[in-house]
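Observations on the model geometry
The residues making up each chain are set out below.
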Amino acid sequence: MTDKILLSVEDLVLHFRTSKGDVRAVDGVNFRLGRDEAVVVLGESGCGKTSLAKAILRLLPKNVSTYSGRVYLNGEDVMQLSDEQYRRQVRWLRMSMVPQAAMNSLNPVMKVGDQVAEPCIIHNGLNKEQALAQASKMFQHVGVPLDFLHRYAFELSGGMRQRVAIAMSLVTSPDLIVLDEPTSALDVLTQANIFNVLKGIKSELGISFILITHDIATSSELANSVAVMYAGQIVETSDAHRFFHEPLHPYSQKLMASVPRLRGHQEPDFITGQPPSLLFPPTGCRFAERCTKRFDRCSQEPPITEQDGRLVKCWLYS
Amino acid sequence: MAEQNVIGKAQNGGLAMDREIADDVLLSVQNLRVWFELRRFGFGHAGYVRAVDGVDFDLHYGKTIAIVGESGCGKSSLMKTILGLNTPTKGDIYFGGDQLTAQRGENLRIYRSKIGFVQQDPYGALAPFMSIQRILEEPLIVNGIKSKEERVRRINKVMGEVKMSPPEDFLQKFPHMLSGGQQQRIVIARAMLLEPKLIVADEPVSMLDASVRVEILKLLRGLQEEHNLAFIYITHDLSTVRYFSERVFVMYAGQAVEKSRIEDLIRNPNHPYTLALLAATSDPDADNATRFRDVPPGEPPSLVKPPKGCRFHPRCAQMIAGLCNEQEPPHFETEPDHLVACWLYK
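Conventions adopted
Residues numbered from 1 in each chain as written. Chains lettered and ligands numbered in written order. Predicted model: local features only at pLDDT ≥ 70, side-chain atom pairs only at ≥ 80, totals over all residues. Helix = DSSP H or I, 4+ residues; strand = E, 2+ residues; numbered from the N terminus. Rg over C-alpha atoms; globule rule 2.2 N^0.38 Å. Contact = placed C-beta atoms within 7 Å. Buried ≥ 20, exposed ≤ 12 C-beta atoms within 10 Å, placed from the backbone. Nonpolar A, V, L, I, M, F, W, Y, C, P; charged D, E, K, R; others polar. Pairing = 2+ DSSP bridges. Axes fitted to C-alpha atoms, helices over the stretch in contact; angles between N-to-C directions. Core = buried A, V, L, I, M, F, W, Y, C linked by C-beta atoms within 7 Å. Parallel < 35°, antiparallel > 145°, perpendicular 65-115°, else oblique. Left-handed = near helix turned anticlockwise from the far one by under 90°. Expected span 1.5 Å × (residues − 1). pLDDT = per-residue confidence, 0-100.

**Some remarks on the overall build of chain A**
For chain A, the count of helices and strands is nine helices and 12 strands. For a compact globule of 318 residues, the expected C-alpha radius of gyration is about 20 Å, and chain A comes in at 20 Å, within 12% of that figure. When the backbone C-alpha atoms are referred to their principal axes, chain A occupies close to 65 × 50 × 45 Å. Long-range pairs, those at least 24 residues apart, make up 64% of the contacts in chain A between residues at least 6 apart in sequence.

Structure follows, in structure tokens:
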């Protein structure tokens, strides 16, 4: 069983210090990701999903007040490593990331081929020629013409730049790639193209993905399983099939109902109110204030209960 | 090379119209072309960017038309021309009887004040150093409403209309203190201030969270019903069009390739480009992860030298050699009120 699990996150906590108090961006997160699988972390902006990615990859800003929990990668707790060991052994080599708006974060004065090759030189110890060969291999995987190796970022379209960013995350052959909103700034056809590329990589290279997004419709393009995040906590984890068919948590149900659909006829709805402040999250269930199924027990923190292999943090199911 | 707007001249001779405008038409866009001249070293002519190249439609009072297309298809240039910010190169726009190219100076300012504009990125559209009160007062001051009481009355009215009440809670705040949805409401309130008959909304929900999108669309629809507002809804996302608009036209490389009612477009899409757009739009379904989507190869063409004939032909799987790559397709009517510019339907 354990060798099927690639990543296991347990009680991960990441709080930031601000002048008003601690922001509880990630507040006790648990989830697992199997080999060759993709998990989607769904949630509204400000729910802590990008912070979760940063916590897993240990890309932390300076104002961290609490950072704890366990992150098992292939059974090894990488939280025990020092920052330097983590940098040398884990980041890039075993896990890499395509940050949000990656296509706009390419270096404008460096050829994209050199940029993609650079992590190989630093982390895999290849020389420049080998690294460029590796980069051109990755360009083929993501469908970028090879003569683009010698171009600059401004000469490429948005979709091509996004592919280059994905190629860069692939080049050190990691086991896991974290994608933060990989398609949110792109056109529909380009989005579909990028997801085709990701599906191809997943089946050909056997890479696992954590996909962070608020776009439920496109998230279903890659998801094997889904984790719904609300106010710093994961409120539901489920396999994709049952989630998209019938979500359990009232928040997930509302989220699904808010998706405008191209096919089918149900009128989309919206969630009234706003997510709570992460400075002073409410005691008890954090969604209770906006929940239509609220009852008296919701003032206490709900336990995580199992429903046929799906996990849900809601009093309705316990 | 620098871009410069070609000084507009209506080539159709002053007030002569291409076609008659019915009484219930608010906005009539007639064979509109917006070209930007490319200059070499500041003076030498180096061609044109044909951002809008022959667009033709009528918008009736209180109705919505959705313009769907990818970035670079010319929808923003079309929008800016309707707003009176670009000058048409050819063709003209009639708005409530006013001819755009005949407007100069003060008249042009009045023309602009009659159309509301909702921008894509609410945070970018609101000046960060101004309070909400200042932001909303500015258009009223510019448009000559001198009495402070009148301005406050109008501001309170629109704040109520966009459901930001009580207004006092928000007016002294700055844009960064509001959530994305609230910022977009302020942008909508600002567009409503001068009581326009038409609002141009450029991707009003694409920067917002899924849970807020529907709320904003419903708000816009409510305003439309209450004030008999006409809307131009610009987007690349076909799934939201259904909930907001009756008519849609699909733009590709500066031209409208398909025009119809939205139900007809989804039920019976004609143009290969429309088919590709529909096929690429996902609904939440776990089976999506197991199949690849059909996407036409290549990218939209350069608008400086668009392909000869149909502009979609280099990417089209059903291209008819000798026809599609030679002659520009006219609009064929495939069913009532459903036009498509494609040789497959001749």
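**Re the overall build of chain B**
Per the secondary structure count, chain B includes 11 helices and 13 strands. For chain B, whose C-alpha radius of gyration is 21 Å, the value lies close to the compact-globule estimate of 20 Å for 346 residues. Within chain B, the proportion of its 346 residues that are buried is 44%. In chain B, the share of contacts with a sequence separation of at least 24, taken over all contacts with a separation of at least 6, comes to 65%.

**A look at the interface of chain B and chain A**
Opposite the 34 residues of chain B that make contact, chain A presents 38 residues. Those elements that place two or more of their residues in the side of chain B that touches chain A are helix 8 (210-227), helix 9 (238-241) and helix 11 (272-280) of chain B. Ranked by residues supplied to the side of chain B that touches chain A, first place goes to helix 8 of chain B with five residues. Here the residues of the side of chain B that touches chain A sort into 15 nonpolar, 10 polar and nine charged.

**Side note on the sheet that holds strand 3 (residues 38-42) of chain A**
Residues and elements named next belong to chain A. Taking strand neighbours across the sheet as the criterion, the eight strands line up as 6-7-8-3-9-10-12-11 in an open arrangement whose pairing is mixed. Edge positions in the sheet fall to strand 6 (95-98) and strand 11 (304-307), since each of these pairs with one other strand and no more. With strand direction ignored, the average angle separating the axes of adjacent strands in the sheet is 20°. Sheet topology note: the strand 3/strand 9 (residues 225-230) ladder contains four bridges and is parallel. When the bridges of strand 9 are listed, Val39 appears paired with Ser225. Taken strand by strand, helix 1 (residues 49-57) contacts strand 3, strand 6, strand 7 (176-180), strand 8 (208-213) and strand 9, and its axis lies near 155° from that of strand 7.

**Let's talk about the nonpolar core**
Core analysis: the biggest nonpolar cluster contains 192 residues, and Ala167(A), Ile210(A), Ile232(B) and Val250(B) have the highest contact counts within it. For this core, the leading source of residues is helix 6 (residues 188-205) of chain A, giving eight residues. Aside from chain neighbours lying at most four places away, what touches Ile232(B) is Leu59(B), Ile65(B), Ile67(B), Met79(B), Ile82(B), Val200(B) and Ala201(B).

**Considerations on the environment of Ser165(B)**
All names here are of chain B. Tracing the chain through its elements places Ser165 in the loop between helix 5 (148-161) and helix 6 (168-171). For Ser165, a count of 12 C-beta atoms within 10 Å translates into the label exposed. Between the alpha carbons of Ser165 and Arg213 there is a distance of 20 Å; along the sequence they are 48 residues apart. For Ser165, the residues in contact, after removing those within four places along its chain, are Met159 and Gly160.

**Overview of unusual backbone geometry**
Residues and elements named next belong to chain B. A cis amide bond links Ser165 with the next residue in sequence, Pro166, at an omega value of -5°. On the secondary structure map, Pro166 appears in the loop between helix 5 and helix 6. Despite not being glycine, Lys163 has its phi angle at roughly 60°, a positive value. Its location among the elements puts Lys163 in the loop between helix 5 and helix 6.

**Things to note about the sheet that holds strand 8 (residues 198-202) of chain B**
All names here are of chain B. The mixed open sheet is built from eight strands, whose spatial order is 7-8-9-4-10-11-13-12. Since the sheet does not close on itself, it has two edges, and those belong to strand 7 (115-118) and strand 12 (332-335), each with one partner. Ignoring strand direction, the axes of neighbouring strands in this sheet form an average angle of 20°.

**Digging into the packing of helix 4 (residues 128-142) of chain A against helix 5 (residues 158-170) of chain A**
All names here are of chain A. Helix 5 packs onto helix 4 with a crossing angle of 130° between their chain directions and a minimal axis gap of 9 Å. The angle between helix 4 and helix 5 falls in the class oblique. For the pair helix 4 and helix 5, the crossing hand works out as right-handed. Residues Ala135, Met138, Phe139, His141 and Val142 of helix 4 pack against Arg163, Ile166, Ala167 and Leu170 of helix 5. When its residues are assigned to classes, the contact of helix 4 with helix 5 shows seven nonpolar, one polar and one charged.

**A few points about helix 3 (residues 112-124) of chain A**
All names here are of chain A. With 13 residues, helix 3 should reach 18 Å at 1.5 Å per residue; the first-to-last C-alpha distance of 19 Å fits that figure. Those residues of helix 3 that fall on the buried side of the exposure criterion are Val112, Gly113, Gln115, Val116, Ala117, Pro119 and Cys120. Looking at the packing, one finds that the buried side of helix 3 touches helix 4 and helix 5. Gly125 occupies a position one or two residues after helix 3 and carries a positive phi of about 70°.

**A word on helix 5 of chain A**
Residue and element names in this part refer to chain A. Here helix 5 is 13 residues long and its end C-alpha atoms lie 19 Å apart, about the 18 Å a rise of 1.5 Å per residue gives. With 12 of 13 residues buried, helix 5 is to be regarded as a mostly interior element. Taken together, the buried positions of helix 5 are occupied by Gly159, Met160, Arg161, Gln162, Arg163, Val164, Ala165, Ile166, Ala167, Met168, Ser169 and Leu170.

**Overview of the packing of helix 3 of chain A against helix 5 of chain A**
Residues and elements named next belong to chain A. Where helix 3 meets helix 5, the closest approach of the two axes is 8 Å, and the angle between their N-to-C directions is 25°. As far as their axial angle goes, helix 5 and helix 3 are roughly parallel. The way helix 3 lies across helix 5 gives a crossing that is right-handed. Across from Val112, Gln115, Val116 and Pro119 in helix 3, the residues of helix 5 making contact are Val164, Ala167 and Met168. Each residue belonging to the contact of helix 3 with helix 5 can be placed in one class, and the counts come to six nonpolar, one polar and no charged.

**A look at the environment of Ala223(A)**
Inspection of the secondary structure puts Ala223(A) in the loop between helix 7 (216-219) and strand 9. The exposure class assigned to Ala223(A) is buried, which follows from the 29 C-beta atoms found within 10 Å. Ignoring anything within four residues of it in the chain, the contact list for Ala223(A) reads Ala38(A), Val40(A), Leu211(A), Ala240(A), Ala286(B) and Ala289(B).

**Things to note about the confidence of the model for chain B**
Low-pLDDT stretches of the model should not have their predicted coordinates read in fine detail. Summing up the model confidence of chain B, the mean pLDDT is 88 and the portion of residues at 70 or higher is 95%. Listed scores for the predicted complex are pTM 0.89 and ipTM 0.87.

**Here's the deal with the pairing of strand 12 of chain B**
All names here are of chain B. Relative to strand 13 (residues 338-340), strand 12 runs antiparallel, the two sharing three bridges. Note that in strand 13 the partner of Glu335 across the bridge is His338. Hairpin connection of strand 12 to strand 13: two residues between the antiparallel strands, including Asp337 at a positive phi of 65°.

**Considering the pairing of strand 11 of chain A**
Residue and element names in this part refer to chain A. In this sheet, strand 12 (residues 310-313) lies alongside strand 11 in antiparallel orientation, the contact comprising four bridges. If you follow Thr305 over to strand 12, its bridge partner there is Val312. The antiparallel hairpin formed by strand 11 and strand 12 contains two residues in its connecting segment, where Asp308 sits at a positive phi of about 50°.

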